[in-house]
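# Understanding the architecture of this molecule
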Amino acid sequence: MKSSAWSFGGVAIFIFVATIVYWFLSHEIVGTVALIMALLMCVMIWGYLLITLKSIGTPLEDDVDATIEDGAGVIGFFPPSSIWPFWCSLAAGVFVLGPVYGWWLSILGAAVGLWALFGWVYQYYVGDYKH
């Protein structure tokens, strides 16, 4: 994780320098704004990785003395197959078609999307996989 954080930091520094050079050579606003947005995204991921690294301590991937056995055990919870991601993506597709074919489609997509999102979030409280 430390190498990932510093990789994003290096890319952010490069994009910062490239943005300044681009602005002074071209004086073009759209490309400069695009580079600034790319810089902000890299800085956001860099900051997230640094904060996460400080909160969890040194992960096994960064420990030079770690062995494969140190990472053994339960990795996490992986959900079983679910139909809810399908319904969420279908609702998102209907929602974005609204401006093309009529705003009523966006309203329908938002309603189905809320239903699907609640179903996805609460899928472990009802049915076969109830906790």
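Quick caveat: nothing in here was measured; it's all calculated off a predicted structure.

## Examining the environment of valine 74
Following the sequence through the fold, valine 74 ends up in the loop between α2 (29-56) and α3 (84-101). In this structure valine 74 comes out as exposed when scored by relative accessible area, which is 80%.

## Notes on the packing of aromatic side chains
Tallying each qualifying case throughout the model produces 6 aromatic pairs. Arranged with centres 5.9 Å apart and planes meeting at 65°, the rings of tryptophan 6 and tryptophan 46 form a pair that is edge-to-face. Of this pair, tryptophan 6 sits in helix α1 (residues 2-26) while tryptophan 46 sits in helix α2, and the two are 40 residues apart along the sequence. On the basis of relative accessibility, which here comes to 52%, the residue tryptophan 6 falls in the exposed class.

## Re a negative patch on the surface
Together, Asp63, Asp65, Glu69 and Asp70 line one region of the surface with negative charge. By the element assignment, aspartate 70 lies in the loop between α2 and α3.

## Here we look at the side chain of glutamine 123
The topology assignment puts glutamine 123 in the segment after α4 (103-121). With relative accessibility at 12%, the residue glutamine 123 sits in the buried group. Polar side-chain contacts of glutamine 123 include one of 3.2 Å to the side chain of tyrosine 124. Setting aside residues no more than four positions away along its own chain, glutamine 123 makes contact with Ser82 and Trp84.

## Digging into the side chain of threonine 32
By secondary structure assignment, the location of threonine 32 is in helix α2. Relative accessible area serves as the criterion here: at 7%, threonine 32 is assigned to the buried category. Once residues lying within four places of it in the same chain are set aside, the contact partners of threonine 32 are Thr19, Tyr22 and Trp23.

## Examining the packing of α1 against α2
Contact geometry of α1 with α2 gives a least axis separation of 8 Å together with a crossing angle of 160°. By the criterion of interaxial angle, the relationship of α1 to α2 is roughly antiparallel. Two packed elements cross with a definite hand, and for α1 against α2 that hand is left-handed. Here the residues of the contact of α1 with α2 sort into 22 nonpolar, 5 polar and 1 charged.

Basis of the calculations
Residues numbered from 1 in each chain as written. Predicted model: local features only at pLDDT ≥ 70, side-chain atom pairs only at ≥ 80, totals over all residues. Heavy atoms only, no water. Helix = DSSP H or I, 4+ residues; strand = E, 2+ residues; numbered from the N terminus. Buried < 20%, exposed > 50% of the residue type's maximum accessible area, 1.4 Å probe, protein only. Phe/Tyr/Trp six-rings, centres within 6.5 Å; stacked < 30°, edge-to-face > 60°. Patch = residues over 30% accessible without salt bridge, like charges linked within 9 Å, V, L, I, M, F, W, Y side chains within 5 Å. Areas by Shrake-Rupley, 256 points an atom, 1.4 Å probe, with all protein chains shown as cover. Salt bridge = Lys/Arg side-chain N within 4 Å of Asp/Glu carboxyl O. Lys, Arg positive; Asp, Glu negative; His and termini not counted. Charge placed at Lys NZ, Arg CZ, Asp CG, Glu CD. Polar contact = N/O pair within 3.5 Å; in protein donor to acceptor, adjacent residues only side chain to side chain. Contact = heavy atoms within 4.5 Å. Axes fitted to C-alpha atoms, helices over the stretch in contact; angles between N-to-C directions. Parallel < 35°, antiparallel > 145°, perpendicular 65-115°, else oblique. Left-handed = near helix turned anticlockwise from the far one by under 90°. Nonpolar A, V, L, I, M, F, W, Y, C, P; charged D, E, K, R; others polar.

By themselves, these figures tell us nothing about what the structure is for.
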